[in-house]
Amino acid sequence: MSERRSAAAADRLPVLKTHKVYVGGKFPRSESGRFDRALTPDGTPIANICRCSRKDVRDAVTAARAAQAGWAARTAYNRGQILYRIAEMLEGRSGQFEALLAAGGTAPDETAAEVQAATDRLLHYAGWTDKFQQVFSSVNPVATSHFNFSILEPMGVVGVLAPESPLLGLVSSIAPAIAGGNTTVVLVTGSQPLPATTFGEVLNSSDVPGGVVNMLTGRRDEMLAPLAAHRDVDALLLCSPDPDVARSAEIEAVHNLKRVAVRPHEDWTDIQSPYEITDLQEVKTTWHPIGS
Amino acid sequence: MQSSTATASFESPPIDAVGVEERVARLCSRSIKKDAKLRALHLTLSMIDLTTLEGADSEGKVRQLCAKALQLHAALPDLPHVAAVCVYPALVGVARRALEGSGINVASVATSFPAGQAPIEIKLLEVQKAVEAGADEVDMVISRGRFLAGDFTYTADEIASVKEACGEAHLKVILETGELGTLDAVRRASDLAMRSGADFIKTSTGKIKPAATMPVVLVMLEAIRDHYLRTGEKIGMKPAGGISTAKDAIRHLVMVRETLGQDWLDPDLYRFGASSLANDVLRQIVKQRSGIYQSFDDFSM
């Protein structure tokens with residue numbers, strides 16, 4: 001009996017999942033219709049992934065822009081709840097993520113720690129959503145009869161060039177951006193995209209409104225320039241150790257004077273701090289006249 | 001009122017709704033790129049009736065809209081101007097003064113827009129007042145209640161008397177296709193309007209959904225074509241309501257070109273009634289010229 005079963009298993013054609021992209025709370029294919037094979041380090045195909053085009057970038061920015069005002073209008077407390085919810089859902093699917101990381105080449109004894117670190121990172125920023133404003137806002141002493149204060153506001157739509165680190169790096173770049181009320185268009189790493197596309201499924205079941213996180217897979221050299229130049233993108237978070245990549249994106253970013261933050265880290269284990277949030281915030285200072 | 005006897009003696013052909021859907025789907029699959037797209041975008045701008053029809057419209061709002069019509073985008077001085085500015089009768093004078101000498105027409109809705117539920121005397125007086133205040137074009141609504149009840153003679157007479165009240169002004173007849181129910185009714189109303197003196201037939205008021213859907217527009221275009229083949233008279237077409245993207249507009253142009261031919265690709269015979277379409281077209285033109293995706297923040301209201 002068991003022999004027959006294993007013979008059948010050997011004959012069976014494997015079903016390669018097509019990992020679709022996550023845009024506007026939906027899972028469309030690339031508008032271009034193109035796809036690539038995702039491979040293990042030894043070259044075995046394990047899935048199909050969409051090779052997105054600049055038009056997918058355009059659509060993702062439209063979705064991010066549409067979601068931005070509503071996301072920023074949520075209470076900070078509610079954004080914290082939702083980030084915590086993402087952590088809960090990620091924890092629940094930790095086995096799947098460990099398997100994906102192992103298939104992508106992470107050492108088997110490190111996968112569990114990586115998924116836990118990613119979950120803890122979400123908790124970290126879930127806690128900061130309703131606290132960074134108190135820490136970084138200020139009432140400013142001025143010499144005139146004004147009540148003068150500075151508060152932080154989200155930049156708006158943030159383009160993210162995600163780190164090579166397929167899960168911890170990805171989470172560490174997205175979480176601080178959305179914790180502060182931004183929406184994101186994320187260009188996922190080409191070397192190991194499967195944890196990211198699966199993380200899209202986690203986001204979709206975590207009360208994250210559609211359009212807050214949009215993730216595109218494919219060849220990032222054809223998507224980065226249109227994203228960096230797009231006039232409806234307000235800031236860029238460039239997680240790349242290659243100074244030429246960051247530089248070329250910064251040149252495209254001058255069209256509308258985007259804020260550019262560069263993160264050259266390769267190891268994301270210790271990259272968590274409220275400054276990751278404030279780097280994607282704009283300071284608004286108000287002068288309010290008062291009687292003398 | 002001779003038209004009543006004339007209208008009683010014709011039958012509109014029945015419409016094959018499935019065939020219309022298929023034809024529309026095929027026309028919508030055309031891909032218009034590069035230079036052809038840029039030309040289509042410019043043509044679209046020149047066909048727009050920039051419209052504001054809100055209860056909250058003020059003189060300031062209309063002056064602002066006219067300023068936008070006169071200069072669509074400061075960074076692109078070589079653009080064509082829009083065809084007309086469309087307002088309520090009470091604001092025609094304001095628009096007239098703001099657009100004097102620009103070549104942009106002033107259009108006014110009338111006949112108790114958008115419902116059309118007023119005595120005929122009042123409707124005619126409204127038309128007369130709009131024309132006196134300087135409207136070049138009048139957009140009337142038909143009495144859908146009477147039309148749906150089968151009182152075609154009343155509808156024909158109504159259109160004919162409004163046409164008479166218009167004098168020199170062009171008459172656009174709004175069928176409000178969203179309330180007509182079937183494509184057969186749309187075809188009949190189109191034929192009725194054209195035979196009763198309409199210079200343009202127009203889909204909708206913009207107050208009712210669905211408005212200018214592609215199948216409805218195709219049926220109206222075919223009615224215009226048949227009218228032209230029968231009488232040699234070129235009637236204009238104006239889809240209005242729900243066309244907010246450049247992509248939609250280009251699809252409409254493809255449909256017009258394929259149904260009526262090159263002659264109708266002209267602001268004298270084809271218009272878009274829209275408020276937000278112009279900015280999307282501008283955005284696409286700048287994208288097409290610069291290669292960079294644009295933000296709505298860069299375009300004035």
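To keep things clear, this report deals only with the structure shown in the data block. Here the structure is a predicted model, which is why all the values come from computation and not from measurement. (Residues numbered from 1 in each chain as written. Chains lettered and ligands numbered in written order. Predicted model: local features only at pLDDT ≥ 70, side-chain atom pairs only at ≥ 80, totals over all residues.)

1. Description of the overall build of chain B
- The helix and strand tally for chain B stands at twelve helices and eight strands.
- Relative to the compact-globule value of 19 Å for 301 residues, chain B shows a C-alpha radius of gyration of 19 Å, a close match.
- Of all 301 residues assigned to chain B, the portion counted as buried reaches 47%.
- A sequence separation of at least 24 residues applies to 74% of the contacts in chain B between residues at least 6 apart. (Helix = DSSP H or I, 4+ residues; strand = E, 2+ residues; numbered from the N terminus. Rg over C-alpha atoms; globule rule 2.2 N^0.38 Å. Buried ≥ 20, exposed ≤ 12 C-beta atoms within 10 Å, placed from the backbone. Contact = placed C-beta atoms within 7 Å.)

2. Regarding the sheet that holds strand 6 (residues 200-202) of chain B
All names here are of chain B.
- Ordered in space as 7-6-5-4-3-2-1-8, the eight strands form an open sheet in which the pairing is parallel. Each edge of the open sheet is held by one strand with a lone partner, namely strand 7 (236-238) and strand 8 (272-274). If you compare each strand with its neighbour and ignore which way they point, the axes differ by 25° on average.
- Across three bridges, the pairing between strand 1 (residues 48-51) and strand 8 is parallel. The residue bridging Ile48 from the neighbouring strand is Phe272, located in strand 8. (Pairing = 2+ DSSP bridges. Axes fitted to C-alpha atoms, helices over the stretch in contact; angles between N-to-C directions.)

3. What about the nonpolar core?
- Val85 and Ala95 of chain B are the most contacted members of the largest nonpolar core, which totals 91 residues.
- It is helix 10 (residues 214-231) of chain B that contributes the most residues to this core, nine residues altogether.
- For Ala95 of chain B, the residues in contact, after removing those within four places along its chain, are Val62, Cys66, Val85, Val87 and Val106 of chain B.
- Listed in part, the 78 residues of the second largest apolar core include Ala64, Leu122, Val202 and Leu238 of chain A. (Core = buried A, V, L, I, M, F, W, Y, C linked by C-beta atoms within 7 Å.)

4. Points about the interface of chain B and chain A
- With five residues of chain B at the contact, the number on the chain A side is eight residues.
- Classifying every residue of the side of chain B that touches chain A gives two nonpolar, two polar and one charged. (Nonpolar A, V, L, I, M, F, W, Y, C, P; charged D, E, K, R; others polar.)

5. Brief notes about helix 2 (residues 54-73) of chain A
Residues and elements named next belong to chain A.
- Counted at 1.5 Å a residue, the expected span for helix 2 with its 20 residues is 28 Å, and the 29 Å between its end C-alpha atoms agrees.
- Taking the largest bend as the criterion, helix 2 deviates by roughly 35°, centred on Ala67.
- Buried within helix 2 are the following residues: Asp56, Val57, Asp59, Ala60, Val61, Ala63, Ala64, Arg65, Ala67, Gln68 and Trp71.
- As for helix 2, its buried residues are in contact with strand 6 (157-161), strand 7 (183-187), strand 8 (213-216) and helix 9 (220-229). (Expected span 1.5 Å × (residues − 1). Bend = angle between axes of the 7 residues up to and from the residue.)

6. What to know about the sheet that holds strand 10 (residues 259-262) of chain A
Residue and element names in this part refer to chain A.
- The five strands lie next to each other as 8-7-6-9-10, forming an open sheet whose pairing is parallel. In this open sheet, the two strands that pair with only one neighbour each are strand 8 and strand 10. Within this sheet the neighbouring strands show an average axis-to-axis angle of 15°, counted without direction.
- Bridging between strand 7 and strand 8 involves four bridges; their strand directions are parallel. Bridge pairing in strand 8 places Thr184 opposite Val213.

7. Some thoughts on the pairing of strand 4 (residues 137-141) of chain B
Residues and elements named next belong to chain B.
- Along strand 4, five of the five residues are buried, which leaves the element largely enclosed by surrounding structure.
- Burial along strand 4 is two-sided: the face carrying Glu137, Asp139 and Val141 and the face carrying Val138 and Met140 are both buried.
- Where strand 3 (residues 105-109) meets strand 4, three bridges bridge the pair, whose relative direction is parallel. The residue of strand 4 that forms the bridge with Val109 is Asp139.

8. A short note on the packing of helix 5 (residues 111-128) of chain A against helix 7 (residues 168-179) of chain A
All names here are of chain A.
- It is at 9 Å that the axes of helix 5 and helix 7 come closest, and there the two elements cross at 10°. With respect to each other, helix 5 and helix 7 are oriented roughly parallel. Contacts between helix 5 and helix 7 pair Glu114, Ala117, Ala118, Arg121, Leu122, Tyr125 and Trp128 from the former with Leu168, Val171, Ser172, Ala175, Pro176 and Ala179 from the latter.
- Taken together, the residues of the contact of helix 5 with helix 7 break down into ten nonpolar, one polar and two charged. (Parallel < 35°, antiparallel > 145°, perpendicular 65-115°, else oblique.)

9. Quick notes on the pairing of strand 5 (residues 170-174) of chain B
All names here are of chain B.
- Most of strand 5 sits out of view: four of its five residues are buried.
- Summarising the sheet, strand 4 and strand 5 pair through five bridges and their orientation is parallel. What sits directly across from Met140, in strand 5, is Val173.
- Examined bridge by bridge, strand 5 and strand 6 share three bridges and lie parallel to one another. Its bridge partner being in strand 6, Lys172 is matched across the sheet by Phe200.
- Following the backbone out of strand 5, through helix 9 (residues 183-195) and into the adjacent parallel strand 6, one traces a crossover that is right-handed. (Right-handed = clockwise from strand over helix to strand, strands pointing away.)

10. Section: the environment of Ile174 of chain A
All names here are of chain A.
- The topology assignment puts Ile174 in helix 7.
- C-beta crowding within 10 Å serves as the criterion here: with 28 such atoms nearby, Ile174 is assigned to the buried category.
- For the pair Ile174 and Ile277, spaced 103 residues apart in sequence, the C-alpha to C-alpha distance is 10.0 Å.
- Not counting the four nearest positions on each side in its chain, Ile174 is found in contact with Val160, Thr184, Val186 and Val213.

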